[in-house]
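Secondary and tertiary structure notes
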Amino acid sequence: MGAVTAPKQDRSRATRRRLLEAAVSCLAEHGWAGSTVAVVAERAGVSRGAAQHHFPTREDLFTAAVEYVAEERSAALRGLFAEGPAARSTVVGALVDLYTGTLFRAALQLWVAASNEEQLRPRVTELEARVGRETHRIAVDLLGADESVPGVRETVQGLLDMARGLGLANVLTDDTVRRSRVVAQWARIIDSALGPGPA
């Protein structure tokens, strides 16, 4: 019986993953209004019924999708520095990169929808708070920041707020050149504010 159940669970996990990845892509490309469970199911190559089996409501699907991809990005970010400490400019660049691309565009569409959709707002607010806390923890670790020092927590938070702003600017135009100069300056600010980096 166990041998039969395992492949079924694997298929179920694979279906869920395809739905989540398709949902993020749809949200990033088409916005909330253009992203329905049916559209996502078709993109994922899954029946609408199967999609609703995994995610009973549209809100379930899209909040789970943004959370899933945020977790994947966090794991990837930690993986970049698995070998140990890196130059702060490299870390600042990697943190800024979290706010460009498909995940940020999808999250942005979710925020906009939540500002207009009463039933979605509490879920998105809670999700963003959780993702924000995790990103802050990762940033503190990677930067070797000592938050017991006055001002350090605010400096790290300022870095993440700046990164989000750069991500927002990049939604409308390719901001790569300006972004690289801002990243270099923020790396200097971080070094000055936090003192020597990890040995």
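Above this text sits the structure in question.
Residues numbered from 1 in each chain as written. Predicted model: local features only at pLDDT ≥ 70, side-chain atom pairs only at ≥ 80, totals over all residues. Heavy atoms only, no water.

The number of helices and strands found in the chain is nine helices and zero strands. Along the chain, helices and strands appear, N-terminal first, in the series α-α-α-α-α-α-α-α-α. Principal-axis analysis of the C-alpha atoms places the extent of the chain at approximately 55 × 45 × 30 Å. For the chain, the proportion of its 199 residues judged to be buried stands at 41%. Excluding contacts between residues fewer than 6 apart, the proportion of contacts in the chain whose partners are at least 24 apart in sequence is 69%. When the accessible area of the chain is evaluated, it comes to approximately 10600 Å², of which 55% is carbon and sulfur surface. Taken together, the 24 basic and 24 acidic charged side chains of the chain have centroids lying 3 Å from each other. (Helix = DSSP H or I, 4+ residues; strand = E, 2+ residues; numbered from the N terminus. Buried < 20%, exposed > 50% of the residue type's maximum accessible area, 1.4 Å probe, protein only. Contact = heavy atoms within 4.5 Å. Areas by Shrake-Rupley, 256 points an atom, 1.4 Å probe, with all protein chains shown as cover. Lys, Arg positive; Asp, Glu negative; His and termini not counted. Charge placed at Lys NZ, Arg CZ, Asp CG, Glu CD.)

Bringing the pattern of salt bridges into the picture now. Taken as a whole and judged by the stated rule, the model has 14 salt bridges. Residue D141 pairs with R78 through a salt bridge whose shortest N-O separation is 3.4 Å. Of the two residues, D141 sits in helix α7 (residues 121-143) while R78 sits in helix α4 (residues 58-80), which places them 63 residues apart along the sequence. Here E134 ties to R137 by a salt bridge, and the two come within 2.9 Å at their closest N and O atoms. (Salt bridge = Lys/Arg side-chain N within 4 Å of Asp/Glu carboxyl O.)

Any pair of aromatic rings gets described here by the distance separating the centres and the angle formed by the planes. Applying the stated criterion across every chain, the model contains three aromatic pairs. For the ring pair W32 and F62, a centre distance of 5.5 Å and an interplane angle of 65° mean the geometry is edge-to-face. Remark: F62 occurs in helix α4 and W32 occurs in the loop between α1 (2-30) and α2 (37-44); sequence separation between them is 30 residues. Judged by its relative accessible area of 8%, W32 falls in the buried class. Between F104 and W111, the aromatic rings sit 5.7 Å apart at their centres with planes inclined by 90°, giving edge-to-face as the arrangement. Looking at F104, the relative accessible area reads 4%, which means it is buried. Members of the aromatic cluster, joined through ring pairs, are Y99, F104 and W111. (Phe/Tyr/Trp six-rings, centres within 6.5 Å; stacked < 30°, edge-to-face > 60°.)

Another aspect to go through is α7. Here α7 spans 32 Å end to end across 23 residues, near enough to the 33 Å set by a 1.5 Å rise per residue. Of all the positions in α7, only V124, L127, T135, H136, I138, A139, V140, L142 and L143 are classed as buried. Buried residues along α7 sit against α4, α5 (88-97), α6 (102-116), α8 (152-172) and α9 (176-194). (Expected span 1.5 Å × (residues − 1).)

In this section: the environment of A70. Along the chain, the position of A70 falls in helix α4. The spacing of A70 and A94 is 24 residues in sequence and 14 Å in space, taken between C-alpha atoms. Ignoring sequence-local partners within four residues, the contact set of A70 consists of L103 and V131.

Let us now look at the packing of α6 against α8. Put simply, α6 and α8 touch, their axes get as near as 10 Å, and they point 90° apart. On the basis of their axis angle, the class for α6 and α8 is roughly perpendicular. Listed contacts from α8 to F104, R105, L108 and W111 of α6 are R164, G167, L168, N170 and V171. (Axes fitted to C-alpha atoms, helices over the stretch in contact; angles between N-to-C directions. Parallel < 35°, antiparallel > 145°, perpendicular 65-115°, else oblique.)

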